[in-house]
Amino acid sequence: MKNLNVGILGATGAVGQKFIRLLETHPWFTISSLGASKRSAGKKYKQAVHWIEKTELPSNASDIVVTECIPSEFADVDFVFSGLDSSVAGDIEKSFAEAGIPVISNAKNYRTHEQVPLLVPEVNPDHAELITKQSFSKNGDGWIVTNPNCVSVPLSMSLKPLDDAFGIEAVVVTSMQSISGAGYPGVASLDIVANVVPYIGGEEDKVETESTKLLGRVNENSIAYRDFPIQATAVRVPTVDGHLLSVSVSLETKPESIDEVRKAFTDWKNPIAELDLPSSPETPVRLYEEDRHPQPRLHADREGGMQTAVGRLRKGKVMDIGYVTLAHNTIRGAAGGAILNGELLAAKGYFK
Ligand SMILES: NC(=O)C1=CN([C@@H]2O[C@H](COP(=O)(O)OP(=O)(O)OC[C@H]3O[C@@H](n4cnc5c(N)ncnc54)[C@H](OP(=O)(O)O)[C@@H]3O)[C@@H](O)[C@H]2O)C=CC1
Ligand SMILES: N[C@@H](CC(=O)OP(=O)(O)O)C(=O)O
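About the criteria used
Residues numbered from 1 in each chain as written. Chains lettered and ligands numbered in written order. Predicted model: local features only at pLDDT ≥ 70, side-chain atom pairs only at ≥ 80, totals over all residues. Heavy atoms only, no water. UniProt positions renumbered as here; feature names shortened; annotations may be inferred. Helix = DSSP H or I, 4+ residues; strand = E, 2+ residues; numbered from the N terminus. Expected span 1.5 Å × (residues − 1). Buried < 20%, exposed > 50% of the residue type's maximum accessible area, 1.4 Å probe, protein only. Near = heavy atom within 4 Å. Polar contact = N/O pair within 3.5 Å; in protein donor to acceptor, adjacent residues only side chain to side chain. Nonpolar A, V, L, I, M, F, W, Y, C, P; charged D, E, K, R; others polar. Domains from an automatic or database assignment. Contact = heavy atoms within 4.5 Å. Buried area = accessible area lost by both parts, 1.4 Å probe. Salt bridge = Lys/Arg side-chain N within 4 Å of Asp/Glu carboxyl O.

Looking at an unreviewed UniProt entry, one finds the protein named Aspartate-semialdehyde dehydrogenase, with Fodinibius salicampi as its source organism. For the record of the protein, the UniProt heading Sequence similarities (unreviewed entry) holds the text "Belongs to the aspartate-semialdehyde dehydrogenase family."

Below, the structure is given as structure tokens:
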């Protein structure tokens, strides 16, 4: 049992609110400080936030006075989660790490930094050791760990069993991304109601790069990215939560049948199962057999929003196999994924 005080940077945003809700009854982590912009600082959280969650604003957060994101305001925390806007996350997260406060971030800024782990606990728990190579703070007690983009999460989680069984040769992916991915107020209603927008700025590059880091190998001081190509197309669709991906994969070792691929998913063992972390889903990657599954509205919330669903598995005509995969973008793809990272790092003793 751990007992750690946590701060949340960007606490008023869409991802920040998800942190507040998911941490309300967390057995290890207690919210002690909340940070946002100057616009929110000095107000009680309940006055600063435009609450968009379906549940009541938790009482353990509502009366906390929001501060600016300055390390001296977070003296009582063991570490911080960050849901900061990426335009400010770079400098602010660095200032916390330099001040000796570990940062577990959702923002894109440090995801490809050489010594910063880009972590999905079920995919690459060993990458956490990069923490010891960081030099943000003098004695190493301040560091940064990131979680990936909300498309890279289901993509890497669904590729992992395939990579372990056959090796990956090439990937083509089209993501159908829900509107909550754009934060609040997000995409203009006149753009997205009864429409599809076939472009999300910067998204395709992130998906193509992050997944090859996630499936990469630890070198002495950094990660050797995998060299298989990924071609991504990112599309905004009028769903609310859950990003659905259509994926085609060429495999290094050719499976004899689609049943062999099915077995790779169903037999795959979660490498962190024995740690029994509080936010770990029982089946992190679940294969659905029903032709019409998975769907964002039906499956994004499965296992508390922490499951990656796979379905429509079939033999390919151009590449070896095709399937769809789905994950809740602001839970598994953001706040929930970051909390699971925090639990993994706590269980492994990284917080001094
Ligand atoms: N939505 C998603 O599905 C995912 C989002 N992410 C990433 O998580 C981060 C947050 O996203 P999201 O919650 O959607 O964004 P929002 O725009 O909803 O929230 C942004 C947060 O950053 C704060 N902020 C803005 N400017 C400053 C500043 N100058 N100083 C301090 N705080 C500031 C805001 O505070 P205030 O209210 O005071 O303005 C708010 O709390 C982003 O980096 C995003 O890319 C990652 C994965 C998925
Ligand atoms: N761009 C994603 C959400 C996001 O913020 O991604 P990132 O953390 O990689 O910037 C979406 O629109 O669904």
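### Looking at helix 11 (residues 331-347)
Over its 17 residues, helix 11 extends only 21 Å from the first C-alpha to the last, a length that falls short of the 24 Å expected when each residue adds 1.5 Å. Summarising burial for helix 11: 16 of the 17 residues are buried, a large majority. Where helix 11 ends, the next residue or the one after it, G349, has phi of about 80°, a positive value.

### Overview of the site of ligand 2
All residues adjacent to ligand 2 are N106, R111, N149, C150, Q177, G181, A182, E203, K206, R236 and H243. Between N149 and ligand 2, the recorded distance is 2.8 Å, taken from a side-chain N or O atom to an oxygen atom. A distance of 2.7 Å separates a nitrogen atom of ligand 2 from a polar side-chain atom of E203. Classifying every residue of the shell around ligand 2 gives two nonpolar, five polar and four charged. Per-domain counts for the shell around ligand 2 show at least three residues from each of domain 1 (4-149 + 335-347) and domain 2 (152-328).

### Considering the domain arrangement of the protein
Split by domain assignment, the protein resolves into domain 1 (4-149 + 335-347) and domain 2 (152-328). Its C-alpha centre places domain 1 at a distance of 24 Å from the equivalent point of domain 2. Each side of the interface is counted separately: domain 1 has 36 residues, and domain 2 has 36 residues. Approximately 2800 Å² of surface area, both sides summed, lies buried where domain 1 meets domain 2, with 66% of it carried by carbon and sulfur atoms. Inspection of the domain 1/domain 2 interface yields one salt bridge. Among the ionic pairs, E210 bridges to R111, the shortest N-O distance being 2.9 Å. On the surface where domain 1 and domain 2 come into contact, there are 12 residue pairs in polar contact (both at pLDDT 80 or more).

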